[in-house]
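Now for the letters of each chain:
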Amino acid sequence: VRPVTAATPDTQVVARALPEAGRPASFRGAVGNFDIRAAAKPTAVAMGDPITLSVSVIDLSRGGNELKTLQPPVLDQASLGGGFRVPSDPLAGTVDGSVKTFTQTIRPTSIDVKQVPPIEFAYFDPQRGQYATARTQAIDISVSPAERLGDDRIERSAAAAGKTPATALKEVEGGLVANAAPTSDLLQDQRLQPGAGAA
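Residue positions are given per chain, counting from 1 as you read along its sequence in written order. The predicted origin of the model limits local features to residues at a pLDDT of at least 70 and limits the giving and counting of side-chain atom pairs to 80 or more, whereas totals for whole chains, interfaces and linings rest on all residues. Excluding hydrogens and water, the side-chain figures rest on all heavy atoms present in the structure.

> Please explain the overall build of the protein chain as it appears in this structure.
Only runs of H or I of at least four residues qualify as helices and only runs of E of at least two qualify as strands under DSSP, and these elements are numbered from the N terminus. Secondary structure assignment for the protein chain yields three helices and eleven strands. In the protein chain, the order of α-helices and β-strands from amino to carboxyl end is β-β-β-β-β-β-β-β-β-β-β-α-α-α. Using a 1.4 Å probe on the protein chains alone, a residue whose accessible area is under 20% of its type maximum counts as buried, one over 50% counts as exposed, and one in between counts as partly exposed. Across the 199 residues of the protein chain, 24% fall into the buried class. The long-range share in the protein chain, meaning contacts at least 24 apart out of those at least 6 apart in sequence, stands at 66%. Methods summary: accessible areas were calculated by the Shrake-Rupley approach with a probe of 1.4 Å, and residue burial reflects only the protein chains presented. Of the roughly 14300 Å² of accessible surface on the protein chain, a fraction of 51% belongs to carbon and sulfur atoms. We call two residues in contact whenever any of their non-hydrogen atoms come within 4.5 Å of each other.

> Please explain the pairing of strand E3 (residues 51-59) as it appears in this structure.
Two faces belong to every sheet, and in a regular strand the side chains alternate between them. Across the nine residues that make up E3, a large majority, seven, are buried. Where strand E1 (residues 34-41) and E3 come together, eight bridges link them in antiparallel fashion. Looking at the pairing, aspartate 35 lines up with isoleucine 58 of E3. Strands are labelled as partners when DSSP assigns at least two bridges between them.

> I would appreciate a short explanation of the environment of glutamate 20 in the present structure.
Structurally, glutamate 20 is set in the segment before E1. With a relative accessible area of 60%, glutamate 20 lands in the exposed category.

> What exactly am I supposed to notice about unusual backbone geometry here?
Trans is the prevailing form of peptide bonds, just as negative phi is the prevailing case for residues other than glycine. The omega angle of the peptide bond from lysine 41 to proline 42 is -5 degrees, so this bond is cis rather than trans. As for its placement among the helices and strands, proline 42 is situated in the loop between E1 and strand E2 (44-46).

> Just to check I follow, could you spell out the packing of aromatic side chains for this structure?
The geometry of an aromatic ring pair is captured by two quantities: the separation of the ring centres and the angle between the planes. Under the pairing criterion, centres of Phe, Tyr and Trp rings, with the six-membered ring standing for Trp, must be within 6.5 Å; the plane angle then separates stacked pairs below 30 degrees from edge-to-face pairs above 60, leaving the rest tilted. In the structure shown here, the tally under the stated rule is four aromatic pairs. With 5.1 Å between their ring centres and 75 degrees between their planes, phenylalanine 27 and tyrosine 131 make a pair best called edge-to-face. With phenylalanine 27 in the segment before E1 and tyrosine 131 in strand E9 (residues 130-135), this residue pair connects regions lying 104 residues apart in the sequence. Tyrosine 131 carries the same exposure label as phenylalanine 27, and that label is buried. Judged by its relative accessible area of 12%, tyrosine 131 is buried.

> Looking at this model, I keep getting lost on the pairing of E9. Mind explaining?
Where strand E8 (residues 120-125) meets E9, six bridges bridge the pair, whose relative direction is antiparallel. When the bridges of E9 are listed, glutamate 120 appears paired with arginine 135. Linking E8 to E9, which pair antiparallel, is a turn of four residues; within it glycine 129 sits at a positive phi near 70 degrees.

> What am I meant to see in empty space enclosed by the protein here?
The method is simple in principle: a probe with the dimensions of a water molecule rolls over the atoms, and the space it marks as empty is what remains. Only protein atoms enter the 1 Å grid used here. Points where a 1.4 Å probe fits but cannot escape make up a cavity, open sets with protein on both sides within 12 Å along at least five of seven lines make up a pocket, and a residue lines them when an atom lies within 4 Å of a point. Grid points are joined across faces, edges and corners, and a volume is the space filled by probe spheres set on the points. For the structure shown, the criterion picks out one cavity of 30 Å³ or more. Volume-wise, the largest cavity comes out at about 40 Å³. Surrounding the largest cavity, Ser26, Arg28, Ala30, Leu70, Gln71, Pro72, Pro73, Glu120, Phe121 and Ala122 form its lining. Among the residues forming the lining of the largest cavity, the class breakdown is six nonpolar, two polar and two charged. Charged means Asp, Glu, Lys or Arg here, nonpolar means Ala, Val, Leu, Ile, Met, Phe, Trp, Tyr, Cys or Pro, and polar covers whatever is left, Gly included.

> Looking at this structure, how should I read the nonpolar core?
The nonpolar side chains of a soluble globular protein tend to be buried with one another. Phe34, Leu53, Phe84, Ile106, Val116 and Phe121 are the most contacted members of the largest nonpolar core, which totals 27 residues. Breaking this core down by element, the ones donating at least two residues are E1, E3, strand E6 (99-108), E8 and E9. Sorting elements by how many residues they give to this core places E3 first, with four residues. Every residue in contact with phenylalanine 34, bar those within four places of it in the chain, is listed here: Val57, Ile58, Asp59, Leu60, Asn65, Leu67, Leu70, Phe121, Tyr123 and Ala134. Buried residues of nine kinds, namely Ala, Val, Leu, Ile, Met, Phe, Trp, Tyr and Cys, make up a nonpolar core once their side-chain atoms join them within 4.5 Å.

> I'm lost on the pattern of salt bridges in this one. Help?
If charged atoms from side chains of opposite charge come close, those side chains can pair. Salt bridges are counted wherever a side-chain nitrogen of Lys or Arg sits within 4 Å of a carboxyl oxygen of Asp or Glu. Under the definition given, this model contains four salt bridges. Close ionic contact of arginine 37 with aspartate 35 constitutes a salt bridge, the shortest N to O distance being 2.7 Å. For arginine 37, a relative accessible area of 49% puts it in the partly exposed group. In this structure aspartate 35 comes out as partly exposed when scored by relative accessible area, which is 21%. Here glutamate 120 ties to arginine 135 by a salt bridge, and the two come within 3.1 Å at their closest N and O atoms. Of this pair, glutamate 120 sits in strand E8 while arginine 135 sits in strand E9, and the two are 15 residues apart along the sequence. Residue glutamate 120 is classed as partly exposed on the basis of its relative accessible area of 34%.

Spelled out as structure tokens, the structure:
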């Protein structure tokens, strides 16, 4: 019995910088082959209500990639057509096999918004030696006017009844005693006075 040692031959690895030419503005460092899917829930909301937008990036690369460091696609007001309010907090995402899912809450800012536009994910494909961009399908949504009573409507309603807004609100609430002028009973000294039998 004698020990035997074997060694693999050296392998040359050539690291090349990614080309500047043709780089999309939405590129965030992804290298490989990817696809992207999106879903929104709910799709019927009032203006300003939250919509949960889930964007999944699927790694189709040969041998796979380390998805923990994969950056999310650009999700901001500009990329969504300007019709949504979008938080500026960074997205971490969750990894499940070859899929990384990013979740964002968006709020429509107008009843004219009819869909969540396609979302782009740019990457560099080393097999073809060029940049590529995957896009989601647009998601149809329905946005209704928000039910909200503004101060101007309260004042107009009170003026039509010939009352001040404070009086109208007091009557709607059933007569708030806090709005009534203090009486002599309320202003009396309410402190407990010990009697003759108190120790």
